[in-house]
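Single-letter residue listing:
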Amino acid sequence: MKSRLPRSGGLLFSLPSTLSRRITSRRYTAPSSSTSSASSPPKQRLWLQLTIVTATAAGIGAYARSQQDSESAILNPVTFTKYRLVAREPVSSNGSIFTLKPLKPDGNREVYEDAWKTGIWSVMFKQPQLQIGRDYTPLPPLSPKDQDEQEEGSLRFFIRKDPFGEVSRYLHSLGVGSSVEVRGPRIECEIPSDTRQILFIAGGTGIAPALQAGHTLLRRTDADHKPRLHILWANRRRDDCSGGCNDTSAIDEAQQRSWFSGLFGSSKPSSPPPLDPTQDPAATSLMVRELEALKAQYPGQVTVDYFVDEESSFIEKKSIMRFTDSASSNGPPGGNMILVSGPEGFISYMAGPKLWAQGMELQGPLKGVIKELDLKDWAVWKL
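Residues numbered from 1 in each chain as written. Predicted model: local features only at pLDDT ≥ 70, side-chain atom pairs only at ≥ 80, totals over all residues. Heavy atoms only, no water.

- The protein chain is annotated in an unreviewed UniProt entry as FAD-binding FR-type domain-containing protein of Aspergillus thermomutatus.
- Regarding the protein chain, the relevant UniProt record gives this comment under Sequence similarities (unreviewed entry): "Belongs to the flavoprotein pyridine nucleotide cytochrome reductase family."
- Per UniProt, the protein chain carries the Subcellular location (unreviewed entry) text "Membrane". (UniProt positions renumbered as here; feature names shortened; annotations may be inferred.)

1. Quick notes on the overall build of the protein chain
Here's step 1: Counting its regular elements, the protein chain contains twelve helices and 14 strands.
Here's step 2: Contacts in the protein chain between residues far apart in sequence, at least 24 positions, make up 75% of those at least 6 positions apart.
Here's step 3: When the accessible surface of the protein chain is split by element, carbon and sulfur atoms take 55% of a total near 19,800 Å². (Helix = DSSP H or I, 4+ residues; strand = E, 2+ residues; numbered from the N terminus. Contact = heavy atoms within 4.5 Å. Areas by Shrake-Rupley, 256 points an atom, 1.4 Å probe, with all protein chains shown as cover.)

2. Description of the packing of helix α3 (residues 108-118) against helix α6 (residues 207-218)
Here's step 1: Two elements in contact, α3 and α6, have axes separated by 8 Å at closest approach and are oriented at 85 degrees. Taken as axis vectors, α3 and α6 run roughly perpendicular relative to one another. Two secondary-structure elements touch here, α3 through Trp 116, Lys 117 and Thr 118 and α6 through Gln 212, His 215 and Thr 216.
Here's step 2: Per-class residue counts for the contact of α3 with α6 are one nonpolar, four polar and one charged. (Axes fitted to C-alpha atoms, helices over the stretch in contact; angles between N-to-C directions. Parallel < 35°, antiparallel > 145°, perpendicular 65-115°, else oblique. Nonpolar A, V, L, I, M, F, W, Y, C, P; charged D, E, K, R; others polar.)

3. Some details on the sheet that holds strand β7 (residues 179-190)
Here's step 1: Strand order in the open sheet formed by seven strands is β4-β3-β7-β1-β2-β6-β5, and the pairing between neighbours is antiparallel. The sheet terminates laterally at β4 (132-136) and β5 (138-139), the two strands that pair on one side only.
Here's step 2: Across six bridges, strand β2 (residues 95-102) lies against strand β6 (residues 155-160) in antiparallel orientation. If you follow Phe 98 over to β6, its bridge partner there is Phe 157.
Here's step 3: Against the sheet, α3 contacts β1 (81-90), β2, β3 (119-127), β5, β6 and β7, and its axis sits at roughly 130 degrees relative to β3. (Pairing = 2+ DSSP bridges.)

4. Some details on the nonpolar core
Here's step 1: Membership of the largest hydrophobic core comes to 34 residues, with the highest contact counts inside it found for Ile 198, Phe 200, Ile 231, Trp 233, Met 287 and Leu 339.
Here's step 2: Take this core: its biggest share by element is seven residues, from α6.
Here's step 3: When residues of this core are assigned to domains, at least three map to each of domain 1 (81-187) and domain 2 (191-255 + 283-382).
Here's step 4: If we ignore the near neighbours within four places in the chain, the residues touching Phe 200 are Ile 120, Gly 206, Pro 209, Ala 210, Ala 213, Leu 229, His 230, Ile 231, Leu 232, Leu 339, Ser 341 and Leu 383.
Here's step 5: Counting residues in hydrophobic clusters, the runner-up holds 23 residues, among them Ala 115, Ile 159, Val 167 and Leu 174. (Core = buried A, V, L, I, M, F, W, Y, C linked by side-chain atoms within 4.5 Å. Buried < 20%, exposed > 50% of the residue type's maximum accessible area, 1.4 Å probe, protein only. Domains from an automatic or database assignment.)

5. Re the pattern of salt bridges
Here's step 1: Inspection of every chain in the model, using the stated rule, returns 13 salt bridges.
Here's step 2: With a shortest N-O distance of 3.0 Å, Glu 166 and Arg 169 are connected by a salt bridge. With Glu 166 and Arg 169 both in helix α5 (residues 166-172) and three residues apart, the pair spans about one turn of that helix.
Here's step 3: Given a relative accessible area of 34%, Glu 166 falls into the partly exposed group.
Here's step 4: A relative accessible area of 33% places Arg 169 in the partly exposed class.
Here's step 5: Taken together, the salt bridges that share partners define one network made up of Asp 247, Glu 292 and Lys 295. (Salt bridge = Lys/Arg side-chain N within 4 Å of Asp/Glu carboxyl O.)

6. Thoughts on a nonpolar patch on the surface
Here's step 1: A cluster of nonpolar side chains, contributed by Leu 355, Met 360 and Leu 362, occupies part of the molecular surface with about 270 Å² of accessible area.
Here's step 2: The topology assignment puts Leu 355 in strand β12 (residues 355-357).
Here's step 3: A relative accessible area of 40% places Leu 355 in the partly exposed class. (Patch = residues over 30% accessible without salt bridge, like charges linked within 9 Å, V, L, I, M, F, W, Y side chains within 5 Å.)

7. What about the environment of Glu 310?
Here's step 1: Tracing the sequence through the fold places Glu 310 in the loop between β10 (302-308) and α10 (317-329).
Here's step 2: In the structure, Glu 310 is positioned 75 residues away from Asn 235 in sequence and 8.6 Å away in space, judged by C-alpha atoms.

8. Digging into the sheet that holds strand β8 (residues 197-203)
Here's step 1: Read across the sheet, five strands follow the order β10-β9-β8-β11-β14 without closing on themselves; strand pairing throughout is parallel. What marks the edges here is a single partner per strand, and that holds for β10 and β14 (379-382). Ignoring which end each strand starts from, the neighbouring axes of this sheet average 15 degrees apart.
Here's step 2: Bridging between β8 and strand β11 (residues 336-341) involves six bridges; their strand directions are parallel. Residue pairing for β11: Gln 197 is matched across the bridge by Asn 336.
Here's step 3: Here helix α11 (residues 344-351) sits on the sheet in contact with β8, β9 (228-235), β11 and β14, set at roughly 145 degrees to β11.

This is the structure in structure tokens:
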């Protein structure tokens, strides 16, 4: 959901009800003749009353603001917490991994842990000049070093610079050391405890929630429960996922038109160049390295297939059925999820558009490619 903040105006707090009643009910009454000589002039008393009320309201406002500032030391869904941009690593020509750390890290570890246990979650970044916000999904920690940073309260985000996105352009304009205001967490999708297998269909930066889903699902692994995750990741250009090698055969998909071309025009299919798994790690995308680290941490439980628009490869029905058929034959029905994340057009093509109603973003009816497959025993969720 892309939530927005009020542009201007609006009180950040409400006056106490007793004070409100005193302000609205108090009226000046002319003194009787017997007491007029001993009483203050009407205008002086009125100004005294207004001064007292104004001072009281200002005091309450200052107290409310001080309470907001003190509460914002820990990430919470009500007020914005100040973080500092401590690192930015390029992933591709227009995307980077941002690492943010709160000014006061104490107490945030518990907040993160509760969110990780639940499922997929996001936080809102504020663009202070325009007073608007956008939700971004934190990347999970994948190494002991990242675990240490997580204890200190840091969060990492894969953010692509959108020429039409006010918040993403603002974030990409910041230098290391800049302050960023963050609010959350917001649970986007709960992953039930009995989930056995997830098929995650990701477009572009939708790979971030895919990694989140893997972190939440796979950490439940034990001797009797080994859940599986299969990711289908589509990108416009190869440099977004350079070094990525398919774990299942995708020769037939490579000859299909991409969903981008299918929506906006035709393109001549061409065979994708071969991928060399032994290539220099420096030439491998940071996001591909994240996926490879997840696969190494949970051997045999994670598989990934890559699809690139400029190579005319496309996530089509066979790509989905290859995993769902295998999953259905490897266990009892139930506990299976399909999650779809990416640009709005990508989600609509795969599973139908989400809907807005009464200021809220809803799932909407299932449509698109997944609807046509008529899959049984698979819960579908659009992110």
